Amino acid sequence: MLTQVADGVLIHESEFCQSNAVVVQGGAGVLLIDAGVHEDEMSCLVSDLSELGHTVVAGFSTHPHWDHLLWHAGLGAAPRYGTARCAATAGDRLSGGVDAVAKAAGIPEEVSLDLLGLITGLPAETTQIPWHGTGIRIIEHHAHAPGHAALLIEERGVLVAGDMLSDVLIPMLDLNGIGDPIEEYLTALRLLEDVAGDVDVVVPGHGSVGRADQVRARIDQDRAYVLALRDGTDPSDPRIGPSAKPGWEWVSDVHAGQVQRLLRN
Ligand SMILES: [Zn+2]
C-alpha cells in the first residue's frame, strides 16, 4: 500500500525492519528510492504503481547494504543509481558471488537476490539526481556506510535520510571504514542539519516518517547517541533498553556491539 507523505511523494513500507521505499512522481514517470525487501511486497508495489499509471524511470539506492540494493523485475529496467562510492562498494562486496554475501549478511531466504546491487555509480561531483522530475539534491557523506547518501526532494520539502534519523534504529556506525567513524557520523549530521530548515517531512530508511518538528529532534537524538559513544557515557536513548519499541529489542545488542568495537579500536 502506498501512502502519500507529501505532494508527489509516496512511501511503501516493508514488514522487514519497517523499511521505507520512496516513490517520487516526476513528469514522465517515478523515481524509486530503496525499492523494498520482500518479493511479495515489491510485487504489491509493482501493481500499486501500475494502477496509478506510473512507470519507474529511475531508481536510487541510498547505500550499499543489501536491504537497500534490491529490485523486482516488474519494476522494469530503468537505470538504478547510487553514489560512485556506493556502487563501487556494492560491486566489490558482490564480486565474490551473491550467495556468499547472502550468507554473510544473513539475508532471509525468501528475499529474491536476482537483481541485487545492479546499480550505476553517479560521478562523484553529481549533486542532483539525473532525471526529468523535481530537483533532488544528493547529500553524500560517510557515516553509516561507504557512499551513503541522503536525498533532499527540494520543492516537496522531503528529506530521505537513508539509515539515519530513525525513531527506532540508533546510529549504526561504519566501523570497518578507514576514517574516524564518530567524526564521520557527526559531520554527516551537520550536513543534514544544514538543510533541516527546508524539511517538512523526514523519511528514514527504517522506522516512522517524521514531520517538521521531528527533523531537528531526530538530528539531536542521533548526535547525542554518537557523542555518548565517543565519551563512553550512557546514551539514555529511548531506542535502546526497556523503552525500545516491541520487536526492536535487538537494537540494544547493536549498541552493546558498537561499544565493544570502539573499545577495541
Ligand atoms: Zn544500512
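Refer to the preceding data block for the structure.
The present account deals with the structure reproduced in this document. Quick caveat, the model's predicted, so the values are computed rather than measured. (Residues numbered from 1 in each chain as written. Predicted model: local features only at pLDDT ≥ 70, side-chain atom pairs only at ≥ 80, totals over all residues. Heavy atoms only, no water.)

1. Some points on the sheet that holds strand 6 (residues 80-83)
Step number 1: In spatial order, the strands read 1-2-3-4-5-6-7; together these seven strands make up an open sheet with mixed pairing. Each edge of the open sheet carries a strand with a single partner, namely strand 1 (2-6) and strand 7 (120-122). Between one strand and the next, the sheet's axes are offset by a mean angle of 30 degrees, whatever the strand orientation.
Step number 2: The pairing of strand 3 (residues 20-25) with strand 4 (residues 30-33) spans four bridges and is classified as antiparallel. Bridging from a neighbouring strand, Val 23 pairs with Leu 32 of strand 4.
Step number 3: Its contacts with the sheet put helix 1 (residues 39-51) on strand 1, strand 2 (9-13), strand 3, strand 4 and strand 5 (56-60), and the angle it makes with strand 2 is roughly 150 degrees. (Pairing = 2+ DSSP bridges. Helix = DSSP H or I, 4+ residues; strand = E, 2+ residues; numbered from the N terminus. Axes fitted to C-alpha atoms, helices over the stretch in contact; angles between N-to-C directions. Contact = heavy atoms within 4.5 Å.)

2. A closer look at the pairing of strand 9 (residues 148-153)
Step number 1: The buried fraction of strand 9 is high, at six of six residues.
Step number 2: The alternating pattern of strand 9 places His 148, Ala 150 and Leu 152 on one face and Ala 149, Leu 151 and Ile 153 on the opposite face, and all of these are buried.
Step number 3: Sheet topology places strand 8 (residues 136-141) next to strand 9; six bridges connect them, and they run antiparallel. Looking at the pairing, Glu 140 lines up with Ala 149 of strand 9.
Step number 4: Between the end of strand 8 and the start of strand 9, which pair antiparallel, lie six residues, with Gly 147 showing a positive phi angle near 70 degrees. (Buried < 20%, exposed > 50% of the residue type's maximum accessible area, 1.4 Å probe, protein only.)

3. A word on the side chain of His 141
Step number 1: You can see His 141 is positioned in strand 8.
Step number 2: With a relative accessible area of 4%, His 141 lands in the buried category.
Step number 3: In terms of polar contacts, His 141 uses its side chain to reach the backbone carbonyl oxygen of Ile 139, at 3.2 Å.
Step number 4: A polar contact of 2.9 Å, which involves the side chain of His 141, links it to the side chain of His 148.
Step number 5: Ignoring anything within four residues of it in the chain, the contact list for His 141 reads Gly 147, His 148, Ala 149, Ala 150, Met 164, Ala 188, Leu 191 and Leu 192. (Polar contact = N/O pair within 3.5 Å; in protein donor to acceptor, adjacent residues only side chain to side chain.)

4. Focus on the side chain of His 255
Step number 1: Positionally, His 255 belongs in helix 6 (residues 251-264).
Step number 2: In this structure, His 255 is in contact with Ile 170, Tyr 225, Leu 229, Pro 235 and Ile 240, ignoring residues within four places of it in sequence.

5. Quick notes on a negative patch on the surface
Step number 1: On the surface, Glu 15, Glu 39, Asp 40, Glu 109, Glu 110 and Asp 114 cluster together into a negatively charged patch.
Step number 2: On the secondary structure map, Glu 39 appears in helix 1.
Step number 3: Given the relative accessible area of 36%, Glu 39 is considered partly exposed. (Patch = residues over 30% accessible without salt bridge, like charges linked within 9 Å, V, L, I, M, F, W, Y side chains within 5 Å. Areas by Shrake-Rupley, 256 points an atom, 1.4 Å probe, with all protein chains shown as cover. Salt bridge = Lys/Arg side-chain N within 4 Å of Asp/Glu carboxyl O. Lys, Arg positive; Asp, Glu negative; His and termini not counted. Charge placed at Lys NZ, Arg CZ, Asp CG, Glu CD.)

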